[in-house]
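Summary of structural features
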Amino acid sequence: MGRSTCDGCGRPVSIAGGIANLWTFGDRDGSDGSAMTLEFEDGSSHLLCYPCIEALPENPTAADLEEL
Ligand SMILES: [Zn+2]
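Quick caveat, the model's predicted, so the values are computed rather than measured. (Residues numbered from 1 in each chain as written. Predicted model: local features only at pLDDT ≥ 70, side-chain atom pairs only at ≥ 80, totals over all residues.)

1. A word on the pairing of strand β4 (residues 45–49)
Relative to β4, strand β3 (residues 35–39) is paired through 5 bridges, and the arrangement is antiparallel. Its bridge partner being in β4, threonine 37 is matched across the sheet by leucine 47. Remark: 5 residues form the turn of the hairpin made by β3 and β4, two consecutive strands paired antiparallel; glycine 43 in that turn has positive phi of roughly 95 degrees. (Pairing = 2+ DSSP bridges. Helix = DSSP H or I, 4+ residues; strand = E, 2+ residues; numbered from the N terminus.)

2. A few points about the environment of threonine 5
Looking at the secondary structure, you find threonine 5 in strand β1 (residues 2–5). Once the C-alpha coordinates of threonine 5 and leucine 48 are considered, the two residues, 43 residues apart in sequence, prove to be 8.0 Å apart. Those residues in contact with threonine 5 that lie beyond four places of it in its chain are Gly10, Arg11, Pro12 and Val13. (Contact = placed C-beta atoms within 7 Å.)

3. Details of the nonpolar core
Counting 9 residues, the largest nonpolar core consists of Cys6, Val13, Ala35, Met36, Leu38, Leu48, Cys49, Cys52 and Ile53. Mapped by element, the contributors of at least two residues to this core are β3, β4 and α1 (50–55). Looking at this core, the element that brings in the most residues is β3, giving 3 residues. Sequence-distant contacts of cysteine 52, defined by excluding residues within four places in its chain, comprise Cys6, Gly8, Cys9 and Leu68. (Core = buried A, V, L, I, M, F, W, Y, C linked by C-beta atoms within 7 Å. Buried ≥ 20, exposed ≤ 12 C-beta atoms within 10 Å, placed from the backbone.)

Keep in mind these numbers describe shape, not what the thing actually does.
Put into structure tokens, the structure is as follows:
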């Protein structure tokens, strides 16, 4: 747990903890943080807020982050 900033938009976020991936995303109740760390196809991981996660395409890459 902790506070950091979104890698996509730079806004301060709270972290739910753990590594999630896009395919299990969708059941959140909004009570446990406003961001998750995602592992990308290229092996990098990025902390992203939910709006940014939802804006990313499937199989996101670092290049997609640049467009957020
Ligand atoms: Zn964001």
